[in-house]
Amino acid sequence: MGADDKSSRRGRFRSVETKHLEERADFFDALKRLDRRSFLKVASAAFGSVAASGLVTPHSFQPVSIAHADSKSVQPFTFAYISDSHLYKRTVNDRFVNALLRAVDDVNALDPQPDFVFFGGDLAQLGQPEELELGAQILKNLKAPLRVMVGEHDWYYDMGEKWRALFGAPHYSFEHKGAHCVVLNSVVEKDFWTARNMTPMERMKTVAGLDNGVQNSFTVGAEQRAWLESDLKGKPANTPIIVFSHSPLYKLYKPWNFWTDDADEVQAILRRFQNVVVFHGHTHQVLTNRIGNIHFQGFLSTAWPWPYAPEGLPALTVQMGRPDPFNPNDGCGNGICSVHPDGLADIVQNLWNRNPITISRTYTASLGKKDKPEASTRRSF
Amino acid sequence: MRNQRTSDLFTLNLGLALGSLGLLTAVASCAHDAAASGQSLPPAAAANQPQAAAAATPPGTNTKVLLCDGQTEVTVPAGTSGTSVAGALMTEWVRKNPNANWEVDERERHTLQPSADNSALVGQVQGQTYGRVTPQDVTLWKTEVERVATAGSAVFHNADELGSTVAVSCDMCHPHAANTHPETYPKFQAQLGRVVLLRDMINWCIEHPVRGKALSSDDPKLRSLEAYILAQRKGKTLDYGRH
C-alpha cells in the first residue's frame, strides 16, 4: 500500500485541521520533486495566491524544509499517542467515554502540536458498530492528523467490517520525515469459534476476556509477514524503522496474550535494520524492552491499567507503581513520543494521576546503563 | 441456584446410566411413565423384560416419556431402544438448560489453581469420628472445594452476575484474580480509614468500579468470589496487614 490510497487508509473521518495539514504536506512533497527554477516559480505562485486570498500569514508557506533529500537521518519530530479506550456506548458506561475525551483534550492542549496522533487499538470494548462510531467521532476532535491501528476488541464482533469501513486497511505503511513507519494488525487469531458454533457476540466476548483460555494466541500471520517483507524490500539497512503493533511483538506472557506467536519471524524481517522502534498497545502499562536492534515501548490505556504479568517481564522495564483502586484514573494516561535523527525515540508516559515518566532512547540504547527512569515510590496500596 | 442445577444434572446422569441398561429403564428410573399411552407394565417388569415390552407394543404407536424433573418430555415411536430414549431426553434437557455444563465450560475458559493435594492422608486414621480416609474422601474434598471456586470464577468474569450497571467485571482489572493479594487481609485500608476483610474490599469494588449493589456476607456469590480469589493465590505466604 503506497501513498496513492491515502484517503482509504485514513478513512473518511478527518478534521479540518487534518485536511489542511495533509494538503500542506502534499504541497511540500511536490516542491521537493522540482528543480530549482520551477520550484521558485511554484513557490512564489503558491505563496502569492494563498496570501492574496488572505488565508494565511505570510510566514506559513516559506519553503524551509527542502534540504534533506538523500540523508538517511530523521528530521526530528514528535507524535502523541492515545490507546486502548475500550468504549462502550455512552448509555452503558460513560466513564471510558469521558476518559477518551480527556486524552483528546490533553493532546489538543499540546503546544507545539505533534506531527500526528497515533491511536494504538482497542477503540471499542465489544466491537459494536455504535462503539466504533462513537470512538471515531471523538477522535475527530483531534487537531493533529490521526493514524489508527486495530485491536482485538475492534475486530472480533464482525471480523473488522465496521472498523475497515471507518479507518481503512488494518495494515499500512507511510514515510514521515525520513522514518519509515509500518502499522500492523497483530491480533490475528486462528479460528476457534466455528468448531464451537459461537455467535459473533460469543466470539467477541471470548477474545475480550484477557484471561480467557478458549481463544488462540495473537499472530501477525504469513500474509502480513510477506507484505512486510515486500514493503521493506530495497530499503537500506540504515533506514530508521518505526513499527506499530497492538500486541507486543515479542513473547511476554501467553496466558494473557501479552504475546505474538510469530514474533520471532517478524523480528527476523526487522533484524537487518540498524534501528527499529516498536510501539504497542494492549498491555495498558509502562513496558520497555529491547531485543537486539529492536526497541519496544508499550502504551498506557485511557480505560484501566493491567497488572504486570506474573512472569516473563523484560529486565529493562521499570514498573510504574501499583495503581490506586480508589482513583479511577490512576495508572491510565496517554503520551508523547519524540523521534530523534538516529530513528530512536524518547517516550513520555503521561500518567494522569502522577508525575510523567520519561523513558529516553539512551536508556534502551545503553541497555539500561544510562538514564534509568526513576522507580515509583508507590509499589502497592 | 448453581448447586441446585448441578444436583439436577447429577440425578439425570444417574438416570442415563441406568437407561443404557435396556429399554424403558430411563422411564423406570424416573417417577413418571407415559401412562396415558396405555402402557400398563409395571416399571420393574419393563426393566427386567425389555424384549417382551417391545413386542407387547403395537408398531406405529408413539410413546411419551417424561423425565424425572416432571417437565422435560419426548415422544418416541414404540420399540425405541432405551439408549435412544435416554439420549433424546438428555438432548431435550440440555436444550432447555444451556448452562448445564457451566462447571466444565468455566474451567475450560478460566484457569483455576488446583486445590491442595491430600492424597498423602489416604489410609490414615483421622480420629475416631471420621475413621480411615479413603481415596473417595480425598476426591470429594477436591471436587467440592474446586466447585465453589469455579462458581466464584463464573461470577468474577461476568458483569451481569455481579449486578454491574456499567458492564464492568472483576477480570477487567484482575485477570486470573491478579493484583488482588488476598493474603494481606485483614489490613488497615488507608483509603477507607478502617480495618477491612477481603470481602469488604470485594464489596467496595462491586459498589464503585463495578457500580452494582454490595452483597451480604452470607451471599453465595460473595462466598464463592472469596473462594476463587484465595484459590488463585495458591503458594503465596500469608502476611496479614501488609500494605
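These figures come from a predicted structure and were not determined experimentally.

Draft legend 1. Geometry of the sheet that holds strand E4 (residues 172-176) of chain A. All names here are of chain A. Sheet architecture is open: 6 strands sit in the order E4-E5-E6-E9-E11-E10, paired in mixed fashion. One side of each edge strand has no neighbouring strand; the edge strands of this open sheet are E4 and strand E10 (288-291). The average angle at which neighbouring strand axes cross in this sheet is 20°, direction not considered. For E10 and strand E11 (residues 294-298), the ladder comprises 4 bridges, and the chain directions are antiparallel. Considered in E11, the bridge of Asn 289 is made with Phe 296.

Draft legend 2. Quick peek at the domain arrangement of chain A. Residues and elements named next belong to chain A. Taken domain by domain, chain A holds domain 1 (16-61) and domain 2 (77-365). For domain 1 and domain 2, the distance between their C-alpha centroids amounts to 34 Å. Taken together, the contacts link 4 residues of domain 1 with 4 residues of domain 2. Residues of the side of domain 1 that touches domain 2, tallied by class, amount to 1 nonpolar, 1 polar and 2 charged.

Draft legend 3. Quick look at the interface of chain A and chain B. Each side of the interface is counted separately: chain A has 18 residues, and chain B has 17 residues. A per-class count over the side of chain A that touches chain B returns 11 nonpolar, 5 polar and 2 charged.

Draft legend 4. Here's a closer look at the sheet that holds strand E14 (residues 357-359) of chain A. Residues and elements named next belong to chain A. Taken in spatial order, the 6 strands make up an open sheet running E3-E2-E1-E12-E13-E14, and their pairing is mixed. The sheet terminates laterally at strand E3 (146-148) and E14, the two strands that pair on one side only. For this sheet, the mean inter-axis angle between neighbouring strands, taken without regard to orientation, is 20°. Two strands pair when backbone bridges link them, and strand E13 (residues 345-351) and E14 are joined in this way by 3 bridges, in the antiparallel orientation. Among the inter-strand pairings, Ile 347 is bridged to a residue of E14, identified as Ile 359.

Draft legend 5. Structural view of the confidence of the model for chain A. Residues and elements named next belong to chain A. Here chain A shows a mean pLDDT of 89. Residues at 70 or above account for 86%. Throughout residues 1-8 the model reports pLDDT below 50, and contacts reaching past four residues in sequence, or to other chains, amount to 6 contacts. Low pLDDT, under 50, characterises residues 60-70; the predicted model gives this stretch 12 contacts beyond four residues in sequence or across chains.

Draft legend 6. Highlighting the packing of helix H4 (residues 94-108) of chain A against helix H5 (residues 129-139) of chain A. Residue and element names in this part refer to chain A. The N-to-C vectors of H4 and H5 enclose an angle of 25°; their axes lie 10 Å apart at closest approach. Judged on the interaxial angle alone, H5 and H4 are roughly parallel. H4 and H5 meet at a crossing whose hand is right-handed. Here Val 97, Leu 100, Leu 101 and Val 104 of H4 lie close against H5, whose contacting residues are Leu 134, Gly 135, Ile 138 and Leu 139. Partitioned by chemical class, the residues of the contact of H4 with H5 number 7 nonpolar, 1 polar and no charged.

Draft legend 7. Quick peek at the pairing of strand E1 (residues 62-66) of chain B. Residues and elements named next belong to chain B. Only one face of E1 is covered, namely the face carrying Thr 63 and Val 65; the face carrying Asn 62, Lys 64 and Leu 66 is uncovered. Sheet topology places E1 next to strand E2 (residues 73-77); 5 bridges connect them, and they run antiparallel. Looking at the pairing, Lys 64 lines up with Thr 75 of E2. Hairpin connection between E1 and E2: a loop of 6 residues separates the two successive antiparallel strands, and Gly 70 in this loop has a positive phi of roughly 75°.

Draft legend 8. Representation of H5 of chain A in the model. Of all the positions in H5 of chain A, only Glu 131, Leu 132, Leu 134, Gly 135, Ala 136 and Leu 139 of chain A are classed as buried. Contacts from the buried residues of H5 of chain A go to H4, strand E2 (116-119), E3, helix H6 (152-155) and helix H7 (161-167) of chain A.

Cut-offs and rules
- The numbers attached to residues start from 1 for each chain and follow its sequence in the written order.
- Chains and ligands are labelled by the order in which they are written, letters from A for the one and numbers from 1 for the other.
- Local features are withheld for residues below a pLDDT of 70 in this predicted model, meaning they are given only at 70 or higher, and side-chain atom pairs are given and counted only at 80 or more; totals for whole chains, interfaces and linings count all residues.
- We treat two strands as partners when DSSP finds at least two bridges between them.
- Strands here are runs of E lasting at least two residues and helices are runs of H or I lasting at least four, both read from the DSSP assignment and numbered beginning at the N terminus.
- Note on geometry: axes are C-alpha line fits, over the in-contact stretch for helices, and angles between N-to-C directions span 0 to 180 degrees.
- Delimitation of the domains relies on an automatic or database domain assignment.
- In this description, any two residues whose backbone-derived C-beta atoms lie within 7 Å of each other are considered to be in contact.
- When residues are grouped by polarity, Ala, Val, Leu, Ile, Met, Phe, Trp, Tyr, Cys and Pro land in nonpolar, Asp, Glu, Lys and Arg in charged, and all others, Gly among them, in polar.
- The predictor attaches a confidence to each residue, called pLDDT, with possible values from 0 through 100.
- Here roughly perpendicular refers to angles of 65 to 115 degrees, roughly parallel to angles under 35, roughly antiparallel to angles over 145, and oblique to all remaining angles.
- Left-handed describes a crossing whose near helix is turned anticlockwise from the far helix through less than a right angle; right-handed describes the clockwise counterpart.
- Residues with at least 20 neighbouring C-beta atoms inside 10 Å of their own are called buried, those with 12 or fewer are called exposed, and the rest are partly exposed, where every C-beta is derived from the backbone.

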